[in-house]
Amino acid sequence: GESVGLHLPTLSVQEGDNSIINCAYSNSASDYFIWYKQESGKGPQFIIDIRSNMDKRQGQRVTVLLNKTVKHLSLQIAATQPGDSAVYFCAERAGGFQKLVFGTGTRLLVSP
Amino acid sequence: GAVVSQHPSRVICKSGTSVKIECRSLDFQATTMFWYRQFPKKSLMLMATSNEGSKATYEQGVEKDKFLINHASLTLSTLTVTSAHPEDSSFYICSAPGQGHEQYFGPGTRLTVT
């Protein structure tokens, strides 16, 4: 299940399940969105990105959905594996600027 | 893909001392680099934009005299935490944009101030 508290929200799933991680972004002018995976003590690792003129993009086992109407982004991971356990961040970039603004993050725990 | 390195990966220093963290783009040039700070179980917060050949641009609330940034070359940016205090203990991460939309992140530097 999913819980929200003082720390990072956590999503716990069983191996093989599909995972959906959600993110609300703040800037309606943002034109580019990225999902990153961060393992403990490491820098963020690129997973998948999407431009604002798209509403869906698929990668290997991952899909990103963008709903600009409600400023919502989601990351779907198919057949989740224990190696997917990490913290996942969405990031947005306002048009013309390279700097990224990161969301609060979600911890994904995958049980074997 | 492009690689960004950071040095050191971990550093422990005493209160009042200064610490320098290096960020290097290993196989590409970066006129701009970004420095982030991350507290435990929190998100990355942008501190400043490092600009080669000019002054860094700091985000609101970040003390530029406390966090000195020097973009010495097209492959190197340094962050110096001056007169460090325990509240400066954090995970510092740099990134550099690629030719397209992508950004490449370094592995991070864990700073502990005792």
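Residues numbered from 1 in each chain as written. Chains lettered and ligands numbered in written order. Predicted model: local features only at pLDDT ≥ 70, side-chain atom pairs only at ≥ 80, totals over all residues. Heavy atoms only, no water.

**Observations concerning the sheet that holds strand S7 (residues 67-73) of chain B**
All names here are of chain B. With antiparallel pairing, 4 strands are arranged side by side in an open sheet as S1-S3-S8-S7. Because the sheet does not close on itself, it has two edges, and the strands there are strand S1 (4-7) and S7. Recorded for the sheet is a direction-independent mean angle of 20 degrees between the axes of neighbouring strands. Two elements, strand S3 (residues 19-25) and strand S8 (residues 76-81), share 6 bridges in a ladder whose sense is antiparallel. Bridge pairing in S8 links lysine 20 to threonine 80. (Pairing = 2+ DSSP bridges. Helix = DSSP H or I, 4+ residues; strand = E, 2+ residues; numbered from the N terminus. Axes fitted to C-alpha atoms, helices over the stretch in contact; angles between N-to-C directions.)

**Quick look at the interface of chain A and chain B**
Across the contact, 20 residues belong to chain A and 20 residues belong to chain B. Taken together, both faces of the contact between chain A and chain B bury some 1,700 Å²; the carbon and sulfur share is 54%. Among the residues of chain A in contact with chain B, Gln98, Lys99 and Phe102 of chain A are the three that bury the most area, contributing 29% of the side total. Joining chain A to chain B, the criterion identifies 1 salt bridge. Residue glutamate 59 of chain B is joined to lysine 99 of chain A by a salt bridge in which the shortest nitrogen-to-oxygen separation is 3.0 Å. Taken together, the links from chain A to chain B amount to 4 residue pairs in polar contact (both at pLDDT 80 or more). (Contact = heavy atoms within 4.5 Å. Buried area = accessible area lost by both parts, 1.4 Å probe. Salt bridge = Lys/Arg side-chain N within 4 Å of Asp/Glu carboxyl O. Polar contact = N/O pair within 3.5 Å; in protein donor to acceptor, adjacent residues only side chain to side chain.)

**Some remarks on the pairing of strand S5 (residues 44-51) of chain B**
All names here are of chain B. Summarising burial for S5: 7 of the 8 residues are buried, a large majority. Here strand S4 (residues 32-38) pairs with S5 via 7 bridges, running antiparallel. Residue pairing in the sheet places phenylalanine 34 in a bridge with threonine 49 of S5. With 2 bridges joining them, S5 and strand S6 (residues 57-58) adopt antiparallel strand pairing. Bridging across to S6, threonine 49 finds its partner in threonine 57. Taken together, S5 and the strand that follows it, S6, pair antiparallel across an intervening segment of 5 residues, in which glycine 53 is found at a positive phi of about 85 degrees. (Buried < 20%, exposed > 50% of the residue type's maximum accessible area, 1.4 Å probe, protein only.)

**What about the packing of aromatic side chains?**
The final tally for this structure, using the stated rule, is 10 aromatic pairs over all chains. Judged by centre distance (6.5 Å) and plane angle (80 degrees), the ring pair of tyrosine 36 of chain A and phenylalanine 46 of chain A falls under edge-to-face. On the criterion of sequence distance, the pair formed by tyrosine 36 of chain A in strand S4 (residues 30-38) and phenylalanine 46 of chain A in strand S5 (residues 45-51) is long-range, its members being 10 residues apart. Residue classification places tyrosine 36 of chain A among the buried positions, given a relative accessible area of 1%. Both rings, one in phenylalanine 67 of chain B and one in tyrosine 92 of chain B, keep their centres 6.3 Å apart while their planes meet at 45 degrees; by these two values the pair is tilted. Of this pair, phenylalanine 67 of chain B sits in strand S7 while tyrosine 92 of chain B sits in strand S9 (residues 90-97), placing them 25 residues apart in sequence. Phenylalanine 67 of chain B sits in the buried class, given a relative accessible area of 6%. (Phe/Tyr/Trp six-rings, centres within 6.5 Å; stacked < 30°, edge-to-face > 60°.)

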